[in-house]
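A closer look at the structure
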Amino acid sequence: MERDHYRWTLPILGFLACGLVFLSLSRALLVVWQLDRVAAVDGVWYVLLQGVRFDLVLLAQLIIIPVLLVPLLSLNRLTYAVTMPVLRIYFLIVAALLIFVECITPNFIGQYDFRPNVLMIEYLAYPKEVISMLLKAVPLQLFLAISVTATLTWYFGRLLKYFESQSRPAIFWSAPLLTVLGLILCVSAARSTVGHRPVNPSTVAFSSDTLVNSLPLSSGYSVAYALYEKLRHEQNGMPEYGELAKSEVLSEVFNSMNLSPSEFLDPNIPTLHSQRINKPATRKNLVIILEESLGADFVGSLGGRDITPNLDRLSNQGIWFENLYATGTRSVRGIEAVITGFLPTPARSVVKLGGSQNNFFTIAQLLADQNYQTSFIYGGEAHFDNMKRFFSNNGFNQIIEQKDFVNPEFVGSWGVSDEDLLNQAHATFEAMSGDEQPFFSLVFTSTNHSPFEFPDGRIDLAEQPKNTVANAVKYADYALGEFIEKAKQSDYWKDTVFLIIADHSDRVYGNELVPISKFRIPGLIMGADIDPVAVQRVTSQVDMLPTLLSLIGVESKHPAIGIDLTRQDINEIPGRAIMQFAGTQAYMENDKVVVLQKQQKPQQFTYANKTLYPVPADPVLQKRALAHSLWPVYTYKDKAYRLP
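Cut-offs and rules
Residues numbered from 1 in each chain as written. Predicted model: local features only at pLDDT ≥ 70, side-chain atom pairs only at ≥ 80, totals over all residues. Heavy atoms only, no water. Phe/Tyr/Trp six-rings, centres within 6.5 Å; stacked < 30°, edge-to-face > 60°. Helix = DSSP H or I, 4+ residues; strand = E, 2+ residues; numbered from the N terminus. Buried < 20%, exposed > 50% of the residue type's maximum accessible area, 1.4 Å probe, protein only. Lys NZ or Arg CZ within 6 Å of the ring centre and 35° of its normal. Pairing = 2+ DSSP bridges. Axes fitted to C-alpha atoms, helices over the stretch in contact; angles between N-to-C directions. Salt bridge = Lys/Arg side-chain N within 4 Å of Asp/Glu carboxyl O. Patch = residues over 30% accessible without salt bridge, like charges linked within 9 Å, V, L, I, M, F, W, Y side chains within 5 Å. Areas by Shrake-Rupley, 256 points an atom, 1.4 Å probe, with all protein chains shown as cover. Expected span 1.5 Å × (residues − 1). Parallel < 35°, antiparallel > 145°, perpendicular 65-115°, else oblique. Contact = heavy atoms within 4.5 Å. Nonpolar A, V, L, I, M, F, W, Y, C, P; charged D, E, K, R; others polar. Core = buried A, V, L, I, M, F, W, Y, C linked by side-chain atoms within 4.5 Å. Polar contact = N/O pair within 3.5 Å; in protein donor to acceptor, adjacent residues only side chain to side chain. Disulfide = S-S within 2.5 Å.

This part takes up the packing of aromatic side chains. Each aromatic ring pair is specified by the distance between its two centres and by the angle formed by the two planes. According to the stated counting rule, one finds 37 aromatic pairs in the structure shown. Ring geometry for Tyr225 against Tyr228: centres 5.6 Å apart, planes inclined by 55 degrees, an arrangement best described as tilted. Of the two residues, Tyr225 and Tyr228 are both situated in helix H10 (residues 219–236); the distance of 3 residues between them amounts to about one turn of the helix. The class of Tyr228 is partly exposed, set by a relative accessible area of 43%. Each residue in the set Phe342, Phe360, Phe361, Phe376, Tyr378, Phe390, Phe391, Phe396, Phe440, Phe444, Trp631 and Tyr641 is aromatic and connected to the rest through ring pairs, giving one cluster. One Lys or Arg, Lys466, reaches over the ring of Phe454 and ends 4.7 Å from the middle of that ring.

Okay, structure coming up:
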């Protein structure tokens, strides 16, 4: 009997062993798939060995509760008989989740160029849209992932039953000792270091390739850590890239705006300032068309594929931005930047954060206070990404979404087609054009989103098969061209300024810490009174808000720190852009780039030919970069991004 005192551990040890084998094999296959990129940084053995370390971190966290409870519950044969089946069910559920997340990892990497993370968690909030998208875009991959998960889970269940049949209840004298020993081992493995802080994803950020840095982590660990960070940030605020006194942060921000501290109006809203303009005779309407996933790679005028003939033609009819950069890789980042002018942080977009769901500055709020009619027009369900709540509480008086469209010609996974959307927008603007009250509207397209569904017979396909990103881009461009032609014939054209801008690029990927070229997007401001010009300076999405206010003739007080590109002193202000890529942020000033990572020193580069070249550190620029990463953190915490 004495020799059986440890046999209650067999199911736990079996789970641990199977987990290590499966996760290591999955990682090895990913390394083979991405061997060129892994080998380029001499990282094959590093990824594989550190991977075992991080697998132990995850598995130790998953077994710590069984290690604490099972010995004590196994002292009595009755409780032992109940405990073992419950333990088996727990391990089966956990195993199925780990297997499934690993199975979908290649598809996730193909889209985002890193392992599953917080994006996966956020998409789970919209099962209808996500399931529909997956069934249409990747049905075979989804079927294989479910099949492999079911098969491996079934075999693992048989192994667990065998381990359970070989186990025995714990012995009274050994249970407490083994519990303490198991707890020490689990905590040690979960921390994986004797240092002050336990290991985290930054521990294995050894290269300049974000994908390679994510490979030592299992996808289960990556998602779990993202969930932990998400919950922590909601309670304790946003993560930070470093430390800098708030006064120094504000000083750097004031200097970058090329305004003196005396020009700021309210210490409780530190960046609140007056934006003075040369008013036109009457205030203009404003329409922002936010194009889904339209990166510069698709736009001929920006050196991309020749599949946007309408946008290319229109680029000569307004203010065309040659070096405009998105702040992030998701739609809510684009909304955050264009509509609020707020800078990105490593936390979720303010569109989703609880503290910004009311009394948070948006251009709609400002214009509503200036007696504008304000609206959001979207072809899908506006609750997606929390848009409806955020917009309704922050200045948008009318929301038109999928349920409000009457007999749309085409409906896909993400809602009505861009034609239906823009036809609805055109009708809405025509109805408002006879009013003396000016209007502002945000129109958000969705056709250029996987699974790339659009009506037949509209375009000559750029490639086969039909439902590809290139064809969706070409269709979206067709719908945009049709809308602009109708608008030019309308009564509202002469009184309206239009901004056509992408929310982000289609796929942001590359073997650099921040693939800056993939953040480049098209942007065009046009209207009856807009003189054509090509803007060469580095520009950010956050610069659009103050620029538009000047162009529509609205003088105001607001806290946005973007640069009004119509200013007389614009040539004295360096062009700059801020880009958030997973847990990394880039601050680009002309061709100089500072890359910030959590718990690591800043790195500095020169950007040329779509490549980052390391250069010696410039403490002044690094301080400015850090200040611009901390400003939104402090401002959000202090509830200081609002109108007075």
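What follows picks up the thread again.
Turning next to the sheet that holds strand S19 (residues 592–597). Ordered in space as S17-S18-S19-S20-S21, the 5 strands form an open sheet in which the pairing is antiparallel. Two strands bound the open sheet, and with one partner strand each, they are strand S17 (576–581) and strand S21 (611–614). Across the sheet, the mean angle separating the axes of adjacent strands is 30 degrees when strand polarity is ignored. When strand S18 (residues 584–589) meets S19, the two strands line up antiparallel, connected through 6 bridges. Opposite Thr584, over in S19, you have Gln597 as the bridge partner.

With an omega of 15 degrees, the peptide bond running from Ser450 to Pro451 counts as cis. Mapping Pro451 onto the fold places it in the loop between strand S10 (439–444) and helix H17 (469–488). A cis geometry characterises the amide bond from Gln464 onward to Pro465, with omega recorded as 0 degrees. Secondary-structure assignment places Pro465 in the loop between S10 and H17. The phi dihedral of Ser192 falls on the positive side, at around 60 degrees, and the residue is not glycine. In this structure, Gln599 takes a positive phi of about 60 degrees despite not being glycine. In this fold, Gln599 is placed in the loop between S19 and strand S20 (603–608).

So, about the pattern of salt bridges. Pairing between side chains becomes possible if they bear opposite charge and their charged atoms approach one another. Within the structure shown, the criterion is met by 25 salt bridges. Between Lys518 and Asp297 there is a salt bridge; the shortest N-O distance is 2.8 Å. With Lys518 in the loop between strand S11 (496–502) and strand S12 (520–521) and Asp297 in the loop between strand S3 (285–291) and helix H12 (309–314), this residue pair connects regions lying 221 residues apart in the sequence. Judged by relative accessible area, which is 14%, Lys518 ranks as buried. For Asp297, a relative accessible area of 34% puts it in the partly exposed group. Through salt bridges with shared partners, a single network forms among Arg37, Asp113 and Asp209.

Attention now goes to the pairing of S19. The element S19 is extensively covered by neighbouring structure, given that 5 of its 6 residues are classed as buried. A loop of 2 residues connects S18 with S19, the two strands running antiparallel in sequence, and Asn590 in this loop sits at a positive phi of about 55 degrees. Between the antiparallel neighbours S19 and S20 lie 5 residues, among them Gln599 with a positive phi of about 60 degrees.

Another aspect to go through is a nonpolar patch on the surface. A surface patch of nonpolar side chains, amounting to about 470 Å² of accessible area, comprises Ile65, Leu68, Leu69, Leu73, Leu183 and Val187. Of all the elements in the fold, those that place two or more residues in the nonpolar patch are helix H3 (44–73) and helix H8 (174–191). Among the structural elements, Val187 can be located in helix H8.

A word on the pairing of S11. Among the 7 residues in S11, 7 count as buried, and that is most of the element. Across the two faces of S11 the burial is the same, with Thr496, Phe498, Ile500 and Ala502 and Val497, Leu499 and Ile501 all buried. In this sheet, S11 lies alongside S3 in parallel orientation, the contact comprising 7 bridges. Opposite Asn285, over in S11, you have Thr496 as the bridge partner. Bridge count for S11 against strand S13 (residues 523–527) is 5 bridges, and the pairing is antiparallel. Looking at S13, one finds that Val497 is bridged to Gly527.

To continue, consider the sheet that holds strand S1 (residues 264–266). Read across the open sheet, the 3 strands follow the order S1-S2-S16; overall the sheet is antiparallel. The open sheet has two free edges, formed respectively by S1 and strand S16 (556–558), since each of these has just one partner strand. Each neighbouring strand pair of the sheet contributes to a mean axis angle of 40 degrees, computed without reference to strand direction. With 3 bridges joining them, strand S2 (residues 269–275) and S16 adopt antiparallel strand pairing. Residue His273 lies in a different strand from S16, and its bridge partner there is His558.

Let us look at H17. Spanning 20 residues, H17 covers 28 Å between terminal C-alpha atoms, matching the ideal 28 Å at 1.5 Å per step. Of all 20 residues making up H17, 14 are buried, and the element is well covered by its neighbours.

Moving on: the packing of H3 against helix H4 (residues 77–112). Running from N to C, H3 and H4 cross one another at 175 degrees; their axes reach a closest spacing of 10 Å. By the angle class used here, H3 and H4 are roughly antiparallel. Contact residues: H3 offers Leu58, Leu59, Leu62, Ile63, Pro66, Val70 and Leu73, while H4 offers Thr79, Tyr80, Thr83, Met84, Leu87, Tyr90, Phe91, Val94 and Leu98. Residues that form the contact of H3 with H4 fall into these classes: 14 nonpolar, 2 polar and no charged.

Take the nonpolar core next. When a protein is soluble and globular, its nonpolar side chains tend to lie buried together. Grouped together as the largest cluster of nonpolar side chains are 152 residues, with contacts concentrated most on Ile288, Leu367, Phe376, Phe429 and Phe440. A total of 10 residues in this core trace back to one element, the largest contributor, which is H17. Sequence-distant contacts of Leu367, defined by excluding residues within four places in its chain, comprise Leu286, Tyr372, Phe440, Leu549, Ile552 and Val554.

A separate point is the side chain of Thr447. When you line up the elements, Thr447 lands in the loop between S10 and H17. Of the polar contacts made by the side chain of Thr447, one reaches the side chain of Asp418; its length is 2.9 Å.

One can find Asp543 in the loop between strand S15 (539–540) and helix H18 (544–551). The exposure class of Asp543 is buried, given its relative accessible area of 2%. Side-chain polar atoms of Asp543 contact the side chain of Arg576, separated by 3.2 Å. Residue contacts for Asp543: discarding those within four places in its chain leaves Gly562, Ile563, Leu565 and Arg576.

To continue, consider the state of the cysteines. With the rule as written, the count across this model stands at 0 disulfides. This cysteine, Cys103, is not joined by any disulfide, and Cys18 carries the nearest cysteine sulfur, 15 Å off. Judged by its relative accessible area of 23%, Cys103 falls in the partly exposed class.

As far as function goes, none of this settles anything; it's purely spatial.
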